[in-house]
Amino acid sequence: QVQLVESGGGLVQPGGSLRLSCIVSGGIANIYTMGWYRQAPGKQRDLVATITSGGDTNYADSVKGRFTISRDNPKKTVYLQMNSLKPEDTAVYYCNGNIRTSILTKSQSYWGQGTQVTVSS
């Protein structure tokens, strides 16, 4: 059973920083693109950043220059370093992974339970 577990959320003042982590566990053959998404109250879930297994990254325009996504493949972990946080960054942040559990099956998308990030003074 594949599990994605996020950690690192919390309350931070505007201009502050947080680092989110997402650890993948379970029976895994391959982990392909990983990503972070966020969902604010009453809004849809939006892409924040993605990173391929080779390290290519993609960011939403709203976080470019402030957020950095990275991954540690041997540790099956993806990170999101968030700097210069703004109140509009407040949301539940979800980890997503495109993961194949067996060489006999296709990859599929898995989600974590989410971690709350609140930016407020």
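The residue count restarts for each chain, going from 1 along the sequence in the order it is written. Since the coordinates come from a predicted model, pLDDT governs what is reported: local features require at least 70, and pairs of side-chain atoms require 80 or more to be given and counted, while whole-chain, interface and lining totals use all residues. Hydrogens and waters are ignored; side-chain quantities use all the structure's heavy atoms.

1. Section: the side chain of R66
Operational definition: Helix numbers and strand numbers start at the N terminus; a helix is a DSSP run of H or I with at least 4 residues, a strand a run of E with at least 2. For each residue, the accessible area found with a 1.4 Å probe, counting protein chains only, is set against the maximum for its type, and the residue is called buried under 20%, exposed over 50%, and partly exposed in between. Each polar contact in these results corresponds to two N or O atoms within 3.5 Å; when the atoms are within protein, one needs to be able to donate a hydrogen and the other to accept it, and residues that are neighboring in sequence are counted only if both atoms are side-chain atoms. What makes two residues a contact is simply this: any of their non-hydrogen atoms within 4.5 Å.
Take R66: it is sitting in the loop between strand 6 (57–59) and strand 7 (67–72). Overall, the relative accessible area of 11% leaves R66 in the buried class. Of the polar contacts made by the side chain of R66, one reaches the backbone oxygen of S62; its length is 2.9 Å. Among the polar contacts listed, one links the side chain of R66 to the backbone oxygen of S84, at a separation of 3.0 Å. Setting aside its immediate chain neighbours within four residues, R66 contacts Q81, M82, N83, S84, L85, K86 and D89.

2. Looking at the pattern of salt bridges
Which entries qualify depends on this criterion: Any Lys or Arg side-chain nitrogen found within 4 Å of a carboxyl oxygen on Asp or Glu counts as a salt bridge.
With the rule as written, the count across this model stands at 3 salt bridges. We note a salt bridge from D89 to R38, for which the minimum N-O separation is 2.9 Å. Residue D89 is located in the loop between strand 8 (77–82) and strand 9 (91–100), and its partner R38 is located in strand 4 (residues 30–39); the two are separated by 51 residues in the primary sequence. A residue is classified by how much of its surface remains accessible, and D89, at 0% relative accessible area, is buried. Between R66 and D89 there is a salt bridge, with the nearest N and O atoms lying 2.7 Å from each other. Taken together, the residues R66 in the loop between strand 6 and strand 7 and D89 in the loop between strand 8 and strand 9 connect sequence positions 23 residues apart. The residues R66 and D89 share a single accessibility class, namely buried.

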